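Below are the chains, spelled out letter by letter.
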Amino acid sequence: MSIRNFNSLFDPGSVAVIGASLRPGSLGAIVLTNMAGGGYAGALWPVNPKYDELLGVRCYGKVSALPKAPDLAIICTPPATVPGLIAELGARGTRAAVVLTKGLDQARIGGKPARQAMLDAAKPHLLRILGPGGVGLLAPHSGLNASLAEGGARAGKIAFISQSDALMAAVLDWARLHGIGFSKFASLGERADIDLGDLLDYLADDADTAAILVYMENLACARKFMSAARLAARAKPVIVLKAGRDSSDLAYDAAFRRAGMLRVHSTEDLFDAAETLTHARALRGERLAIVANGGALGTIATDALAYADGALAALSDETIRLLRQAQSAEPGAAIARRAAAPPFNPLNLGGAATPEQYAAVFAALLREPQVDAVLLIHAPATGVDAGRIAELLAPLARASGKNVLACWLGGAAVAGARRVFAEAGLPAYDTPEQAVRGFMQTVQYRRNQELLMEVPGQLPPGGKPERAAARAVLAAAVADGRQALTAAETRAVLAAYGIRVAAPDGGPGPAPGSVSGPASGAGSDSGADWGGGAHGAGARPAAALHATELAITVHDDATFGPVISFGPGGASANLAAEAAAGRGGAMDFGASHRAIGLPPLNMVLARDLLERTRLRPAADSDAICHALIQVSDLVADTCELASLSLNPLLADAQGVLALDARITLGPPRAGYRLAIRAYPQELEQEVLWRGAPLTLRPIRPEDAPQHVEFFSKLDPDDVRLRFFSAMRELQPAQLARLTQIDYDRAMAFIATRIGSAGRAETLGVVRAVADPDNQHAEFAILVRSDLKGMGLGAILFQKLIDYFRSRGTAAIVGEALSENGGVQQLVRRFGGSVSPSPEPGTSILHLKLQA
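Asker: What should I look at first to understand the nonpolar core in this one?
Answerer: For soluble globular proteins, the rule of thumb is that nonpolar side chains tend to be buried together. Counting residues in hydrophobic clusters, the biggest one holds 61 residues, and the most contacted among them are Ile74, Leu200 and Phe560. Here this core takes seven residues from helix 7 (residues 222-235), the largest share from any one element. The contact partners of Ile74, leaving out residues within four places of it in the chain, are Val15, Ala16, Val17, Ile18, Val31, Met35, Val98, Leu100 and Ala146. Val687, Val719, Ala748 and Ile812 belong to the second-largest nonpolar core, a separate cluster that totals 51 residues.

Asker: Just to check I follow, could you spell out the sheet that holds strand 14 (residues 211-216) for this structure?
Answerer: Whenever strands of a sheet pair, they do so through backbone hydrogen bonds, lying parallel or antiparallel. As summarised here, the arrangement of the seven strands in space is 11-10-13-12-14-15-16, forming an open sheet in which the pairing is mixed. Of all strands in the sheet, those with a lone pairing partner are strand 11 (144-147) and strand 16 (262-264), marking the two edges. Averaged over neighbouring strand pairs, the angle between their axes works out to 20° when direction is ignored. Pairing between strand 14 and strand 15 (residues 238-242): five bridges, direction parallel. Paired with Met216 across the bridge in strand 15 is Lys242. Those strands touched by helix 9 (residues 267-279) are strand 12 (154-162), strand 13 (181-187), strand 14, strand 15 and strand 16, and its axis lies near 175° from that of strand 15.

Asker: Any chance you could explain the environment of Leu452 here in plain terms?
Answerer: Position of Leu452 relative to the elements: it lies in helix 16 (residues 432-453). As a C-alpha pair, Leu452 and Ala233 span 219 residues in sequence and 8.9 Å in three-dimensional space. The contact partners of Leu452, leaving out residues within four places of it in the chain, are Arg230, Ala233, Arg234, Arg258, Ala259, Gly260 and Gln740.

Asker: Help me understand the pairing of strand 15, please; the structure alone is not making it clear to me.
Answerer: Each regular strand shows side chains that alternate between the opposite faces of the sheet. Most of strand 15 is tucked away: five of the five residues are buried. Neither face of strand 15 is left uncovered, since the one carrying Val238, Val240 and Lys242 and the one carrying Ile239 and Leu241 both have all their residues buried. What joins strand 14 to strand 15 is helix 7, and the crossover it makes is right-handed.

Asker: Help me out: how do you make sense of the packing of helix 26 (residues 792-806) against helix 27 (residues 821-829) in this one?
Answerer: Helices that pack against each other are described as a pair by the angle of their axes relative to one another and the distance between those axes. Helix 27 packs onto helix 26 with a crossing angle of 55° between their chain directions and a minimal axis gap of 11 Å. When the interaxial angle is binned, helix 26 and helix 27 end up oblique. Crossing angle aside, the handedness with which helix 26 passes helix 27 is right-handed. From helix 26, Gly793, Ala794 and Phe797 reach across to helix 27, where they touch Leu826, Val827 and Arg829.

Asker: Would you mind going over the side chain of Thr752 with me for this structure?
Answerer: Checked against the element boundaries, Thr752 lands in strand 31 (residues 746-754). Polar side-chain contacts of Thr752 include one of 2.9 Å to the backbone oxygen of Glu761. Sequence-distant contacts of Thr752, defined by excluding residues within four places in its chain, comprise Leu694, Thr695, Arg697, Gln706, Ala760, Glu761 and Thr762.

Asker: What's the story with the environment of Ala97 in this structure? I'm lost.
Answerer: Position of Ala97 relative to the elements: it lies in strand 6 (residues 96-99). Classification of Ala97 as buried rests on a relative accessible area of 0%. Sequence-wise, Ala97 and Asp71 are 26 residues apart; in three dimensions their C-alpha atoms are separated by 8.5 Å. When neighbours within four sequence positions are excluded, Ala97 is seen to be in contact with Leu9, Leu72, Ala73, Ile86, Leu127, Arg128, Ile129 and Leu130.

Asker: Please explain the sheet that holds strand 33 (residues 776-783) as it appears in this structure.
Answerer: Read across the sheet, eight strands follow the order 29-30-31-32-33-34-36-35 without closing on themselves; strand pairing throughout is mixed. Each end of this open sheet is capped by a strand with a single partner; those strands are strand 29 (685-689) and strand 35 (833-836). Averaged over neighbouring strand pairs, the angle between their axes works out to 25° when direction is ignored. For strand 33 and strand 34 (residues 811-817), the ladder comprises three bridges, and the chain directions are parallel. Paired with His776 across the bridge in strand 34 is Ala811. Packed onto the sheet, helix 23 (residues 704-712) meets strand 30 (692-698), strand 31, strand 32 (760-770) and strand 33 and runs at close to 100° relative to strand 32. Strands in contact with helix 24 (residues 716-723) are strand 32, strand 33 and strand 34; relative to strand 33, the strand with the most contacts, it is inclined by about 180°.

Asker: Explain helix 16 here, please?
Answerer: Think of an α-helix as turning once every 3.6 residues; residues three or four places apart then point the same way. Over its 22 residues, helix 16 extends 32 Å from the first C-alpha to the last, a length consistent with the 32 Å expected when each residue adds 1.5 Å. The element helix 16 is largely enclosed, with a buried count of 17 among its 22 residues.

Asker: Explain unusual backbone geometry to me, please; I cannot follow it from the model alone.
Answerer: Keep in mind that most residues, glycine aside, have a negative phi and that most peptide bonds are trans. A cis geometry characterises the amide bond from Gly131 onward to Pro132, with omega recorded as 0°. Counting through the fold element by element, Pro132 comes out in the loop between strand 9 (128-130) and strand 10 (136-139). The backbone phi angle of Arg690 is positive, close to 55°, even though this residue is not glycine. Residue position: Arg690 is located in the loop between strand 29 and strand 30. Phi angles above zero are rare outside glycine, and Phe724 is one such case at about 65°. Mapped onto the elements of the fold, Phe724 is located in the loop between helix 24 and helix 25 (732-739).

Conventions adopted
- Residues numbered from 1 in each chain as written.
- Predicted model: local features only at pLDDT ≥ 70, side-chain atom pairs only at ≥ 80, totals over all residues.
- Heavy atoms only, no water.
- Core = buried A, V, L, I, M, F, W, Y, C linked by side-chain atoms within 4.5 Å.
- Buried < 20%, exposed > 50% of the residue type's maximum accessible area, 1.4 Å probe, protein only.
- Helix = DSSP H or I, 4+ residues; strand = E, 2+ residues; numbered from the N terminus.
- Contact = heavy atoms within 4.5 Å.
- Pairing = 2+ DSSP bridges.
- Axes fitted to C-alpha atoms, helices over the stretch in contact; angles between N-to-C directions.
- Right-handed = clockwise from strand over helix to strand, strands pointing away.
- Parallel < 35°, antiparallel > 145°, perpendicular 65-115°, else oblique.
- Left-handed = near helix turned anticlockwise from the far one by under 90°.
- Polar contact = N/O pair within 3.5 Å; in protein donor to acceptor, adjacent residues only side chain to side chain.
- Expected span 1.5 Å × (residues − 1).

Structure (structure tokens):
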């Protein structure tokens, strides 16, 4: 993953159009016209030996004749010429190219496809390539139109990335019609070099971009995408339109949700979501109040909200009193006739309500604690000035911490109102249904962001998985060349991870270490005979009638690797399938209650998986979630796992027990098998410190409570030196960022031990985040204030150095307050340097890792 030289791509000081032409319809003619007419202020150099001048600009015969190396080259020449041009440009110093030429896979250079020859030519010079093929890119803020899209684009705050050439052209045309502007606009083409993950990485930190829109059809590297998507979604809204509802669609849904992105299903929703989310405040809840000037309008919006599983807000007695007062404040005939009618949600103000009544109603609703957002639906009404209504409501909306959405129905009669809301940065929609979809997009975005940021609870008490025991069983099966484990082997592997399976003799299976707990414990009336066992079809106990039948399965998705599916199992799933068949197979009822998750899981993610099934089993939900996590741990540890099935998994108030279990194996797949890197337990290390054992290990999301306790034991001055400002406590979002890290690009090691109270305690933490190019990792270190000067900082720093050196990172860097002598001394002790920073009062820390 790399964003090196992307500034040359999006903000070049000079551009060469190689293959520029006057031939109508040619790539060179189209792109040169777009560059010349787009307002680009840098140097523009056409290259073609057939011309001396093009569009009044001097034309050069070859790359070597250019005044200097162009920052960006746009290549429009035949496929066989592209590798040589890339080599020549790279040697001169060019670091970015847009290759609009198609067909490089069909042309061959030196016995290899021209596409590969192009990449080989670029690699020594770190020359980045967008394409080949595609439509190119636009950066409207700098007037750059390095594309085949005629007409360019307005400057704005939205970035758009597309895997479709046709959609890119259509979206640009649609955006011009609707006055929508862009910060960046890129067509990925064939993605030989730059791909979606690279662009998400770049745009996450782009100051010109407030929201990122993505149209995608498929992924080549799921882990790279997930790492970049999670980073970008923490910084700004990322909205995805994914085409193709194939067998992997549920896995894509799970990936978008896990990354904190919002998925939409139409081009219109894509831009509506961008409009809504870029102006939205953070929702405190999901309860909507609807105000309309017609009963039918409120009903339409309410129906749309119900269809989307949204929630209407309940109103307090005080708010109802204020609404009654507002409705009767003016003697308008329609209001007077309705004065005795109780206000409710949706609230119908009628066609004669005055602007002042609208303002009074909104003031009351925005003060109501049970209202999280307000939707106004206004249709043109005789004698009522919509513009004046907007003028009174806009200041109320801006001053409130709540979201206000509007649907101004009509054309010229409400144009002024639309303009007022637009100037105030308030979202407005054409129809009630569209407005409700906009609100529900903020709701779903909030849910996804909370999933990204929520701190998971502690796992139920129990021992660690017996990984060695499980590995021995799996290794024996692999050595025998078998793909399916036997029933006994399956029970043994699952037992090593604490998952109970009914044994063939009718009793619960072995349960070493932590267990999910049998569905029938001592003293339960369901504790007789569980019959069957792994792969078993033995007698089903009557107790099963009192338990919910669930299923946990694992299969290998072509894009995301292993995914975990959870939903109804056994007879429940069969009945659902039969119900669907009875309706002509129009809907897979069983699938509608299944949810897909990407491993690894924690308690937050497992509970979300359970809630998304909409199942409400009368069972121990913690035990169900624990079983999901145990399966996730097994998946993360087993590179040979091809499939796993626990079906049925019986769940009741005492716990869970699998009646049937199956495991199959396939060829080992190491490295990027999981779309999200699991907790690297191989990095755990026991050391001696001051004569006592100390554990150094990567931080986990479940460490949040002890991290809060650790922070509480820091002196205020130590906090100031670490965070460059005074902080009394860690905010929830900050705590999540510190404990929920992406192990692919960041690492945080904690020093921990069992404290006097018998609980684990954190003594110090060192962390670093690598840039996408792996050139530098920016670090920070913090030791508990009462333990400073005892060598703990040096132990942690050595652990960090060893890790980043092993992954090939070039250097560790940091910034410290000039008065922070401790960290400066630490860096010097390990052979690093400390130098003054351009920022007054700070110093730059640098430690080279590679020879």
